[in-house]
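Listed below, chain by chain, are the residues.
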Amino acid sequence: MTWWCAATTLPWSWEWRAYPGVWVFVLLLLAGFAQFGLPSDRAARRKAWGWFLPGLLLVWAALDWPIGTLGGGYLSSFHSLQYVMLALAAPPLMLLGLAPLMTERREAGRIGRPARIAAHPATGLVVHNLIVLVTHFPSVVDQLMTSQVGSLVIDLAWITGGLALWWPALAPVGLNRLSSPLRMGYLFVQTLPSMFPAAFLTFAEYPLYRLYELAPRAFDLLTPAYDQQLAGLIMKVVGDPIIWIGIATLFFRWANAERRADVERQPGLPGRPASM
Amino acid sequence: MTDRRGALASLILLVGCAGGSDPDPDALHGYRLPSATPRPEFALTTVAGDGFDFAEATKGRLTLLFFGYTNCPDVCPATMANLGAVLGKLTGEERRRIDVVFVTTDPDRDRPEVLGPWLARFDRDFVGLVGSIDEVIAAQRASGIEAAVKDGEGEGYTVSHAAQVIVVSPDDSVHLHYPFGTRQAEWASDVPRLLRSFGGSAR
């Protein structure tokens, strides 16, 4: 019984494959969020669902057929796409879904110490980059991806690494001492270490991963060498812009907040810009 | 860890070669046969329709001989892709000293017009050979491997076949087989050493 995507010796085909473990995992996240992740305010709940659900859908798409299957045992490029979806794209959406609850708890003084430690930029830098480096090491990939448990470990590590990356930048104000410009700087620094695995993948003379080099070919034109180069490009060309979007969003929020504060500081115009 | 040991072994061997001695075949990534066998003798037809006497056509050259089929889902395309990638990085002089010969084990489906373009995807100089099923079986036996067996019925059948690459040295002997799973980096390490070790003529 196959319950999680991992490498097999089966030839690739577009025939659908079921992964019940993925469905159970996604349902657990959904139930956990519904039970423990929502704020008490009804309007804020809608907003929370609006952020969380797209993040959860990305996690599901990354883990299930066909992306999960291709990344699990056939193509390094899809493995890289899974990394981008699980570690870079889904976590900020899920964390923004949790933000209303966190804001509510912070105002009530009920934020735990672990959430504060996780919001420290050093935690994000160390945890995320350690996970990125270790989970891209050829012997680790070749060893873990051939078993369902090993593949699950890599997927969970990426989600954890993504949450660690984004939490210091998205945590409610007060959980860490980072101003908006520092949060932007923190995110920029987070784009730097992934240059190393991406460069190794793109410029290696020969395939680094035994698993993908010798896997049954999914697409004839995608040789192991092209596949690996594509993997490195996806990591940087698709992955980095996601972080830049985060930086841009923080910038515009910060700029709007500054503008509002300036307007509020003008006497006679409380909280509203002057009409022209 | 195996790769690291292999790389270390390669380094030690290369240092040894720089000193002028031949590489130790036992340290190559292929497995050495208990005793060398003579260059296989069989005759088939190229995808261009010309007769091909294997022993005569490849005499005195480093020849990588493989038996497979174009509908193979895993071993054959991976092996040909790896060989094509590695040989494509050799110098022109080195490349001219090596032949890669692919014999189809599925002559019913691998007509010359199918096999030729399929092989050319990996390297335009790979030699594709076809023949009747009896000729192909005889060629496999002459090469010292089990004859391939058809699995299943209808159009979607597969063929169980030997997965190793047979290395025929320029001394017209087979000393080594390379199993499926030999990586590009391993071929890249071994091919120049096989050429240095056994010499061979350039076309």
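Visitor: Help me understand the overall build of chain A, please; the structure alone is not making it clear to me.
Guide: Along its length, chain A carries twelve helices and zero strands. Once the C-alpha set of chain A is aligned to its principal axes, its extents read approximately 70 × 40 × 40 Å. The 276 residues of chain A split such that 40% are buried. A sequence separation of at least 24 residues applies to 78% of the contacts in chain A between residues at least 6 apart.

Visitor: Teacher, can you tell me more about the overall build of chain B here?
Guide: Along the backbone of chain B there are seven helices and ten strands. Classification of the 203 residues of chain B by burial places 43% in the buried group. Sequence-distant contacts, at least 24 apart, represent 70% of the contacts inside chain B between residues at least 6 apart.

Visitor: Honestly, the pairing of strand E6 (residues 127–130) of chain B in this entry has me stumped. Any pointers?
Guide: Successive side chains on a regular strand alternate, one facing one side of the sheet and the next facing the other. Residue and element names in this part refer to chain B. Side chains Val127 and Leu129 of E6 all project onto a buried face; the interleaved residues Gly128 and Val130 project onto the opposite face, where all are buried too. In this structure, strand E5 (residues 98–104) lies alongside E6, joined through three bridges in parallel fashion. Its bridge partner lying in E6, Val103 is registered against Leu129. For the crossover from E5 across helix H5 (residues 112–120) to E6, the handedness is right-handed.

Visitor: How do you make sense of the sheet that holds strand E2 (residues 43–46) of chain B when you look at a structure like this?
Guide: Sheet strands associate in pairs through backbone hydrogen bonding, adopting either a parallel or an antiparallel arrangement. Residue and element names in this part refer to chain B. One open sheet accounts for eight strands, arranged E1-E10-E9-E4-E5-E6-E2-E3; its pairing is mixed. Each edge of the open sheet is held by one strand with a lone partner, namely strand E1 (31–38) and strand E3 (51–53). Within the sheet, the average angular offset between the axes of one strand and its neighbour, ignoring direction, is 35°. Here strand E4 (residues 62–68) runs beside E5; their pairing, made up of seven bridges, is parallel. Residue pairing in the sheet places Leu65 in a bridge with Val101 of E5. Together, E2, E4 and E5 form the strand contacts of helix H6 (residues 133–142), whose direction differs from that of E5 by roughly 130°.

Visitor: Looking at this model, I keep getting lost on the nonpolar core. Mind explaining?
Guide: Within soluble globular proteins, side chains that are nonpolar tend to cluster in buried spots. Counting residues in each nonpolar core, the largest one holds 119 residues, and the members touching the most others are Leu86 of chain A together with Val100, Phe102 and Val167 of chain B. Sorting elements by how many residues they give to this core places helix H4 (residues 76–107) of chain A first, with 16 residues. When residues no more than four places from it in sequence are discounted, the contact partners of Val100 of chain B are Leu64, Leu83, Leu87, Asp123, Phe126 and Val127 of chain B.

Visitor: I tried to follow the interface of chain B and chain A on my own but got confused; where do I start?
Guide: How big an interface is tends to be stated in terms of the accessible area lost upon association of its parts. Taken together, the contact pairs twelve residues of chain B with 13 residues of chain A. Only helix H3 (75–87) and helix H7 (184–198) of chain B provide two or more residues apiece to the side of chain B that touches chain A.

Visitor: How should I be thinking about helix H2 (residues 42–63) of chain A in this particular structure?
Guide: For an α-helix, the turn length of 3.6 residues means that residues three or four places apart are oriented alike. Taking 1.5 Å of rise per residue, 22 residues should cover 32 Å, and H2 of chain A covers 31 Å from first to last C-alpha, within 8% of that figure. Packed against the buried residues of H2 of chain A are helix H1 (20–36), helix H3 (67–73), H4 and helix H8 (148–170) of chain A.

Visitor: Even after reading the chapter, I still don't get the packing of helix H10 (residues 195–203) of chain A against helix H12 (residues 224–265) of chain A, so can you show me in this structure?
Guide: Relative orientation and spacing of two packed helices are given, respectively, by the angle between their axes and the distance between those axes. Residue and element names in this part refer to chain A. Direction vectors running N to C along H10 and H12 enclose 150°, while the axes themselves pass 7 Å from each other. With respect to H12, the element H10 is oriented roughly antiparallel. In the packing of H10 onto H12, the handedness of the crossing is left-handed. Together, Pro197, Ala198, Ala199, Leu201 and Thr202 of H10 and Gln228, Gln229, Ala231, Gly232, Leu233, Met235 and Lys236 of H12 make up the contact between the two elements.

Visitor: Sorry, what's going on with the confidence of the model for chain B here?
Guide: Parts of the prediction with low pLDDT should not have their coordinates interpreted in detail. In this model, chain B carries a mean pLDDT of 88, and residues with pLDDT of at least 70 account for 84%. In the predicted assembly, ipTM is 0.83 and pTM is 0.88.

Visitor: Explain the packing of H1 of chain A against H2 of chain A to me, please; I cannot follow it from the model alone.
Guide: Residue and element names in this part refer to chain A. Orientation of H1 relative to H2, taken along the N-to-C sense of each, is 165°, at an axis distance of 10 Å. Taken together, the axes of H1 and H2 lie roughly antiparallel to each other. Judged by the twist between their axes, the crossing of H1 over H2 is right-handed. Note on element contacts: H2 touches H1 through Phe52, Leu56, Val59, Trp60 and Leu63, opposite Val22, Val26, Leu29, Leu30 and Phe33. Of the residues in the contact of H1 with H2, the class split is ten nonpolar, no polar and no charged.

Visitor: For this particular structure, what's the right way to read the environment of Leu28 of chain B?
Guide: Residue and element names in this part refer to chain B. By the element assignment, Leu28 lies in the loop between helix H1 (2–18) and E1. A tally of 23 C-beta atoms within 10 Å means that Leu28 is categorised as buried. A C-alpha to C-alpha distance of 9.3 Å links Leu28 and Trp187, two positions 159 residues apart in sequence.

Visitor: What should I look at first to understand H10 of chain A in this one?
Guide: Residues and elements named next belong to chain A. Taken as a whole, H10 has its buried residues at Pro197, Ala198 and Leu201. Angular distribution of buried residues about the axis of H10 spans 100°; they occupy a single face of the element. Packing partners of the buried residues in H10 comprise helix H6 (121–135) and H12.

Visitor: Mind showing me how you'd approach unusual backbone geometry here?
Guide: Both trends apply: most residues other than glycine have a negative phi, and most peptide bonds are in trans. Residues Trp65 of chain A and Pro66 of chain A are joined by a peptide bond in cis, for which omega reads 0°. Within the element layout of this structure, Pro66 of chain A appears in the loop between H2 and H3. Although it is not a glycine, Asp172 of chain B adopts a positive phi angle of roughly 60°. Relative to the helices and strands, Asp172 of chain B is located in the loop between strand E9 (165–168) and strand E10 (173–178).

Thresholds, definitions, all that
Residues numbered from 1 in each chain as written. Chains lettered and ligands numbered in written order. Predicted model: local features only at pLDDT ≥ 70, side-chain atom pairs only at ≥ 80, totals over all residues. Helix = DSSP H or I, 4+ residues; strand = E, 2+ residues; numbered from the N terminus. Buried ≥ 20, exposed ≤ 12 C-beta atoms within 10 Å, placed from the backbone. Contact = placed C-beta atoms within 7 Å. Pairing = 2+ DSSP bridges. Right-handed = clockwise from strand over helix to strand, strands pointing away. Axes fitted to C-alpha atoms, helices over the stretch in contact; angles between N-to-C directions. Core = buried A, V, L, I, M, F, W, Y, C linked by C-beta atoms within 7 Å. Expected span 1.5 Å × (residues − 1). Parallel < 35°, antiparallel > 145°, perpendicular 65-115°, else oblique. Left-handed = near helix turned anticlockwise from the far one by under 90°. pLDDT = per-residue confidence, 0-100. Nonpolar A, V, L, I, M, F, W, Y, C, P; charged D, E, K, R; others polar. Arc of directions from axis to C-beta.

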